[in-house]
Amino acid sequence: MGYKILVLNGPNLNFLGIREPQIYGHETYDDLLLMIKKHAAECNVEVSFFQSNHEGALIDAIQKAYFDKIDGIVFNPGAYTHTSIALADAVKSVSIPTVEVHISDVSTRESFRQVSYIREHTVSQVVGEGLKGYNTAIDRLIEYLGKNR
Ligand code: DQA
């Protein structure tokens, strides 16, 4: 197995398929995990998952990734993207290459979604590709790690 990648999802992403399907689609969180597992296997990366609706639990997961020697993080912080300096600090503090993902195209939505506190601490952002964006994020991490490790 190659790189160890953590796929981290923030608040309300466990509600995929239920919440605003016109924006986030009809596929569920479990469908998302299945899709990513398949892609990770094809790419020969070891993938693990964590989702929480709680800011502190997400920070704990980022700190745990440091001790678990995770090579890269795919992170959809949900609404915490736009509010959380604590999560941005956590991403910065572990120095693990991180790709920010948003299922929707946040750049064309409400003005409060234009702000991302974590963006400057990430190696890349994927927006508006739907669930497939998580696979794109894995590809970008593999490419980044190949060049920088
Ligand atoms: C989101 C976009 C955020 O603005 C929103 O709060 C979410 C999901 C996305 O994946 O498009 O919860 O991160």
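These lines cover the structure that appears in this document, whether it is placed above or below. (Residues numbered from 1 in each chain as written. Predicted model: local features only at pLDDT ≥ 70, side-chain atom pairs only at ≥ 80, totals over all residues. Heavy atoms only, no water.)

### Focus on the side chain of Asn76
Consideration 1: By the element assignment, Asn76 lies in strand β3 (residues 72-76).
Consideration 2: By relative accessible area, Asn76 is classed as buried at 4%.
Consideration 3: Within the local environment of Asn76, its side chain forms a polar contact with the backbone nitrogen of Gly78, the two atoms lying 2.9 Å apart.
Consideration 4: Of note is the side chain of Asn76, whose polar atom sits 3.1 Å from the side chain of Tyr134.
Consideration 5: With near-sequence residues (within four places) excluded, Asn76 lies in contact with Leu8, Asn9, Gly10, Leu13, Val101, His102, Ile103 and Tyr134. (Helix = DSSP H or I, 4+ residues; strand = E, 2+ residues; numbered from the N terminus. Buried < 20%, exposed > 50% of the residue type's maximum accessible area, 1.4 Å probe, protein only. Polar contact = N/O pair within 3.5 Å; in protein donor to acceptor, adjacent residues only side chain to side chain. Contact = heavy atoms within 4.5 Å.)

### Topic: helix α2 (residues 29-43)
Since there are 3.6 residues in each turn of an α-helix, residues three or four apart along the chain are aligned in direction.
Consideration 1: For α2, built from 15 residues, the straight-helix expectation of 21 Å at 1.5 Å per residue is met to within 8% by its first-to-last C-alpha distance of 21 Å.
Consideration 2: All buried positions along α2 are accounted for by Tyr29, Leu32, Leu33, Met35, Ile36, His39 and Ala40. Seen from one end, α2 has its buried residues packed into an arc of 165°, which puts them on one side. Opposite its buried face, α2 presents the exposed residues Asp30, Leu34, Lys38, Ala41 and Glu42, each directed more than 90 degrees away.
Consideration 3: Next to the buried residues of α2 lie β1 (4-9), β2 (46-51) and α5 (132-148).
Consideration 4: Two residues or fewer past α2, Asn44 is found with a positive phi of approximately 60°. (Expected span 1.5 Å × (residues − 1). Arc of directions from axis to C-beta.)

### Section: the pairing of β1
Consideration 1: Of all 6 residues that make up β1, 5 are buried, and the element is covered over most of its length.
Consideration 2: As paired elements, β1 and β2 share 6 bridges and run parallel to each other. Directly across from Leu8, in β2, lies its bridge partner Phe50.
Consideration 3: Pairing between β1 and β3: 5 bridges, direction parallel. (Pairing = 2+ DSSP bridges.)

### Considerations on the packing of α2 against α5
Consideration 1: Interhelical geometry of α2 versus α5 gives an angle of 30° and a closest axis separation of 9 Å. When the interaxial angle is binned, α2 and α5 end up roughly parallel. Like other packed secondary-structure pairs, α2 and α5 cross with a definite hand, here right-handed. Here α2 contributes Leu32, Met35, Ile36, His39 and Cys43 to the contact with α5, which in turn contributes Lys132, Tyr134, Asn135, Ile138, Asp139 and Ile142.
Consideration 2: Tallied by class, residues from the contact of α2 with α5 come to 7 nonpolar, 2 polar and 2 charged. (Axes fitted to C-alpha atoms, helices over the stretch in contact; angles between N-to-C directions. Parallel < 35°, antiparallel > 145°, perpendicular 65-115°, else oblique. Left-handed = near helix turned anticlockwise from the far one by under 90°. Nonpolar A, V, L, I, M, F, W, Y, C, P; charged D, E, K, R; others polar.)

Read these as geometric descriptors, not functional statements.
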